[in-house]
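These are the residues of each chain, in order.
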Amino acid sequence: MEVFGWSVTAGASKAAAPAVVVTLFVLAGCARESDAFTVAQPWFTEVSAECGLDFVQESGARGSHEMPEVMGGGVALFDAEPDGDLDLYCLNGNSMLPSQEPDPALSSAFYRHDAPGRFREATRAAGLVDGHYGMGAAVGDVDNDGDEDLYVTHFGPNTLFLNKGDGRFEDASARAGCAGSGWSSSAAFFDLDRDGFLDLFVARYIDYQPKTCFDSAGRPDYCGPKTFPPQHDLLFRNANGVFRDATHAAGVDGYAAAGLGVVCADFDEDGWQDVYVANDAYANSLWINRRDGTLREEAVRRGVAYNLNGQPQAGMGVVADDFDGDARLDLFVTHLRAETNTLYLSRAGGDFRDATGASGLGPVSMPFTSFGVAALDFDRDADVDLLVANGAVFHRPRVEGVGLPAPWDEYAEPGLFHLNQGRGQFTDASALAGTLTSRAALSRGLAAGDIDGDGDPDLLLGSVAGPARLFRNDAPTAGRHWLALRCVHPGWKRDALGARLEIEACGRRQVRVLSSSWGYCSSSPPVAVFGLADCATVARVEVLWPDGTREHFPLPAVDRMHVLVYGAGGK
């Protein structure tokens, strides 16, 4: 036990295997740069079957093209017991559309991590049966009792499951006061007012009513978001585990849009948590914390409402990280087919610029509709890479080799994997990712966490009308070091969501913010993982805690995880 917390040493770095050529299908008439990659072996290996994950999402599709059936598929990785092992949660649809009533025969699914590399379906035993039409999940300890609670968003009222402390949950939605209404998508816990209790921001989509829409060929298809009125998002303030609706008081009801992705961080660098929302076909929202319990929308002013051409895009998922190595948080937003996914690089003072054109991320994304996204240093070279989950929402030209039945064969798409070459310049490396990106699907939610305890992030991928898929990270990282950090506040008995970590190793600064909600409708463990390349020592570790306290911690050993405890560092 070290003075600043505990550490766990993981397995050795993985060496490369003999080289083979991996061949991917391509879209008709559309070659991809990554198709020429020669790789030792795929960097990600699907382990769903051998691990016991057999979940298949029920979309509820019956031929009437109800919009919710093409938008679901969120997932979550979190430690429910807590016993140090990550459990799985997969959002399900139901057969009740267009009604918002729950389905007594279907539920979202919980898989408990019973033994190394083995999961067991335990939804009913855990008290997590939920027949509403599931969209997304957010994880956080809302009552500061030392275990993680689960908030589930729906097409319809949402559900808060309180953890009893032993991996069993109870539905506390009624007494907790945060059920909301309408069609919710992503949600995120964050500490708005620095009182130590996690508040809750919920993105909402549209006021949906059944309607028949048609594609350009006159075939029935799913409607777009602007067919229906948009909804404003919701904000719930937490007081000792009981929420009150602060949407109006905080000013959040002043802007209505079709919200899908949410990420919370201190974007204007004033020490208070802000909220960014990716909106579908509307200007994105950046809610700046005014330090008095209110939020002010400043996306246009700060350069993250529109793309470089001043146009709104179809925002789906979003992630915040430092993509160009300047120790400031940038934003990456995923979008609809024929639009680019967009990289906003930060500037001093919390302003941003659209840097997609020079990043290498634009043209390769245009044939696809992108949803979930993970920003992680998969090859441990000290810069952040991007993995993107794709799947159409309208009819599209059929992808060669797709294995899904009609009608989904005309919506399935392969994924994208981008390797950061430094300073925000990316290469399409999708061929390295194996079936994670090559198998076409209606992929949606994406969560990341260390399932097997070897120090690198594994991946859980959700989809519409298809299986949830679990991937082990086998990226060749021999000779490259890493460091994983958690931040825990003993007074709050939980992870310090919103804490900003900065390390310096071999003259290079890296920054991460601890968050459990990013991407699309999904939740991941709040652990900061740093790739260190060949650097075997760390010169500095600094934490800016959510309450504004700044601490420096003793220099940690690398190639392991450490827990940094509030108050144990030096001011």
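Cut-offs and rules
- Residues numbered from 1 in each chain as written.
- Predicted model: local features only at pLDDT ≥ 70, side-chain atom pairs only at ≥ 80, totals over all residues.
- Heavy atoms only, no water.
- Phe/Tyr/Trp six-rings, centres within 6.5 Å; stacked < 30°, edge-to-face > 60°.
- Helix = DSSP H or I, 4+ residues; strand = E, 2+ residues; numbered from the N terminus.
- Buried < 20%, exposed > 50% of the residue type's maximum accessible area, 1.4 Å probe, protein only.
- Lys NZ or Arg CZ within 6 Å of the ring centre and 35° of its normal.
- Pairing = 2+ DSSP bridges.
- Axes fitted to C-alpha atoms, helices over the stretch in contact; angles between N-to-C directions.
- Domains from an automatic or database assignment.
- Contact = heavy atoms within 4.5 Å.
- Buried area = accessible area lost by both parts, 1.4 Å probe.
- Salt bridge = Lys/Arg side-chain N within 4 Å of Asp/Glu carboxyl O.

Trainee: Account for the packing of aromatic side chains, with residues named and values stated.
Mentor: A full pass over the atoms with the stated rule returns 19 aromatic pairs. Seen from their ring centres, Phe155 and Trp183 are 5.4 Å apart, and the 80 degrees between their planes marks the pair as edge-to-face. Taken as a pair, Phe155 in the loop between β10 (149-154) and β11 (156-163) and Trp183 in the loop between α2 (173-176) and β13 (184-190) lie far apart in primary sequence, 28 residues in all. Of the residues examined, Trp183 reaches a relative accessible area of 1% and is grouped as buried. Each ring, one from Trp183 and one from Tyr208, has its centre 6.0 Å from the other, and the planes form 80 degrees; the classification is edge-to-face. Linking Trp183 in the loop between α2 and β13 with Tyr208 in the loop between β14 (199-204) and β15 (213-214), this pair joins segments that are 25 residues apart in sequence. As far as the burial class goes, Trp183 and Tyr208 line up, both buried. What links up through ring pairs into an aromatic cluster is the set Phe155, Trp183, Tyr205, Tyr208 and Phe228. Directly above the ring of Phe371 sits Arg444, whose terminal nitrogen or CZ lies 3.9 Å from the centroid.

Trainee: Please provide a residue-by-residue account of the sheet that holds strand β26 (residues 330-333), values included.
Mentor: Pairing in this open sheet of four strands is antiparallel, and the strands run β25-β26-β27-β28 from one edge to the other. This sheet does not close on itself; its edge strands, each paired only once, are β25 (318-321) and β28 (351-354). Shown here is a sheet whose adjacent strand axes are inclined to one another by a mean of 25 degrees, direction ignored.

Trainee: Could you give me a rundown of the sheet that holds strand β23 (residues 285-289), with the residues and numbers involved?
Mentor: Through backbone hydrogen bonds, the strands of a sheet pair up, either in parallel or in antiparallel fashion. Taken in spatial order, the four strands of this open sheet run β21-β22-β23-β24, and their pairing is antiparallel. With one partner strand each, in any of the chains shown, β21 (259-265) and β24 (295-297) form the two edges of the open sheet. Across the sheet, the axes of successive neighbouring strands diverge by a mean angle of 20 degrees, strand direction being ignored. Pairing of β21 with strand β22 (residues 274-279) involves six bridges; the strand directions are antiparallel. What sits directly across from Ala265, in β22, is Asp274.

Trainee: Now, about unusual backbone geometry: what can you tell me, with residues and values included?
Mentor: Generally, phi is negative for residues other than glycine and the peptide bonds are trans, each holding for most cases. Look at the link from Glu81 to Pro82: it is a cis peptide, with omega at 0 degrees. Here Pro82 shows up in the loop between β5 (75-78) and β6 (87-90). Geometrically, the link from Leu97 to Pro98 is a cis peptide bond, its omega value of 5 degrees lying close to zero. Along the chain, Pro98 turns up in the loop between β6 and β7 (109-115). Backbone geometry places Asn144, a non-glycine residue, at a positive phi of 50 degrees. Of note, Asn144 is situated in the loop between β9 (134-140) and β10. Notably, Arg194 is not glycine yet its phi reads approximately 60 degrees, a positive angle. Mapped onto the elements, Arg194 comes out in the loop between β13 and β14.

Trainee: Quick rundown of the domain arrangement of the chain? Include the residues and the values.
Mentor: Here the chain is described as being made up of domain 1 (57-473) and domain 2 (481-565). In this structure, domain 1 and domain 2 have C-alpha centres spaced 22 Å apart. Listed as interface residues are 60 residues of domain 1 and, on the opposing side, 33 residues of domain 2. Buried surface at the junction of domain 1 and domain 2, summed over both partners, amounts to about 3,500 Å²; 54% is from carbon and sulfur atoms. On the domain 1 side of the contact with domain 2, Ala327, Arg380 and Ala382 bury the most area, a combined 16% of that side's loss. There are one salt bridge connecting domain 1 and domain 2. A salt bridge links Arg512 to Asp321, with the shortest nitrogen-to-oxygen separation between them at 3.8 Å.

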